[in-house]
Amino acid sequence: MSIDTAPSSAAADLRVPQEIVDLVFRDARTVNTFTDGEVTDEQVRAVWDVVRWGPTAMNSLPLRLLLVRTGEGRERLVDHMNEGNKAKTRRAPLSIVVAADVDFHEQLPRLAPHMAGARDNFAGIEDVRARMSRDNAFLQAGYLIVGLRAAGLHVGPMTGYDAPGLDADLLAGSGWRSIMVLNVGSTPQDVEGFGMPASHPRQGRLDFEDVARSI
């Protein structure tokens, strides 16, 4: 069955060019394999400089990023991935461990100076901080994926891994708690010899009438 990804009549109401919408949504795919081209800190920094402006509760910005490229770091990460995610993670030029910082409240005097005492109010309630950091880090992770696509990169998000093991190994000594791993890079035009398809066939999506109600 073919999937219709053509713009709807409502697309005319968008304020950005259709080629941008195609780049970050309609034509973008979750990818499994990558070319050897490097993804630099400068590229990721440029993406962060844009996506950091997305809203979070209390401007808490709990998202944290561990950039994994080195051989030792790569193998330590691969050891924690589910079997089906090991090969693609080993092959990616960059893997990002996306984490939520339970200690985000330490930054509130800088990020929300208008909320006097917010840091101290959160200090003794780690369970509340854990929930709030996770919710808002997932929100920011969505911004990050769209931002990486806008930079012309391809992204393969994964939650199939041993989170407690990864956190104890790669995030030890911090308040960071992983929520997903993103493989990032460029995809080959010809995937022969890469051992897996660059992406799976496009799947369907729900229509507006399937997901929305008005009251």
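The preceding data block contains the structure.
Residues numbered from 1 in each chain as written. Predicted model: local features only at pLDDT ≥ 70, side-chain atom pairs only at ≥ 80, totals over all residues. Heavy atoms only, no water.

Novice: Looking at this structure, I do not really get the overall build of the protein chain. What am I missing?
Specialist: When you go through the protein chain residue by residue, the secondary structure sums to nine helices and four strands. Its helices and strands taken in sequence order, the protein chain reads α-α-β-α-α-β-α-α-α-β-α-β-α from the N to the C terminus. Split into buried and exposed, the 215 residues of the protein chain put 39% on the buried side. Restricting to contacts in the protein chain with at least 6 residues of sequence separation, those with at least 24 account for 80%. As displayed, the protein chain offers around 12,600 Å² of accessible surface, 52% of which is attributable to carbon and sulfur atoms. (Helix = DSSP H or I, 4+ residues; strand = E, 2+ residues; numbered from the N terminus. Buried < 20%, exposed > 50% of the residue type's maximum accessible area, 1.4 Å probe, protein only. Contact = heavy atoms within 4.5 Å. Areas by Shrake-Rupley, 256 points an atom, 1.4 Å probe, with all protein chains shown as cover.)

Novice: Just to check I follow, could you spell out the packing of aromatic side chains for this structure?
Specialist: Here a ring pair, both rings aromatic, is described through the centre-centre distance and the interplanar angle of the planes. Throughout the structure, instances matching the rule amount to one aromatic pair. Ring centres 5.6 Å apart and planes at 65° place the aromatic pair Phe104 and Phe122 in the edge-to-face group. Residue Phe104 is found in the loop between strand E2 (94–101) and helix H5 (108–111), and its partner Phe122 is found in helix H6 (residues 118–123); the two are separated by 18 residues along the sequence. Phe122 gets classed as buried once you look at its relative accessible area, which sits at 10%. (Phe/Tyr/Trp six-rings, centres within 6.5 Å; stacked < 30°, edge-to-face > 60°.)

Novice: I tried to follow the sheet that holds strand E4 (residues 176–185) on my own but got confused; where do I start?
Specialist: Backbone hydrogen bonds hold the strands of a sheet together, and the pairing may be parallel or antiparallel. Judged by pairing direction, the sheet is antiparallel, and its four strands sit side by side in the order E1-E2-E4-E3 without closing on themselves. Strand pairing shows two members of the sheet lacking a second neighbour, strand E1 (63–68) and strand E3 (154–158), which therefore form its edges. On average, each strand axis in the sheet is tilted by 30° relative to the strand beside it, whichever way the strands run. For E2 and E4, the ladder comprises eight bridges, and the chain directions are antiparallel. In the sheet register, Ala99 faces E4, and the bridge partner there is Ser178. Strands E1, E2 and E4 of the sheet are contacted by helix H8 (residues 163–170), whose axis makes an angle of about 90° with E4. (Pairing = 2+ DSSP bridges. Axes fitted to C-alpha atoms, helices over the stretch in contact; angles between N-to-C directions.)

Novice: It is not clear to me how the environment of His80 should be interpreted in this structure. Could you clarify?
Specialist: Within the element layout of this structure, His80 appears in helix H3 (residues 71–80). In this view, His80 contacts Tyr161, Asp162, Gly165, Leu166 and Asp169; residues no more than four positions away in its chain are not counted.

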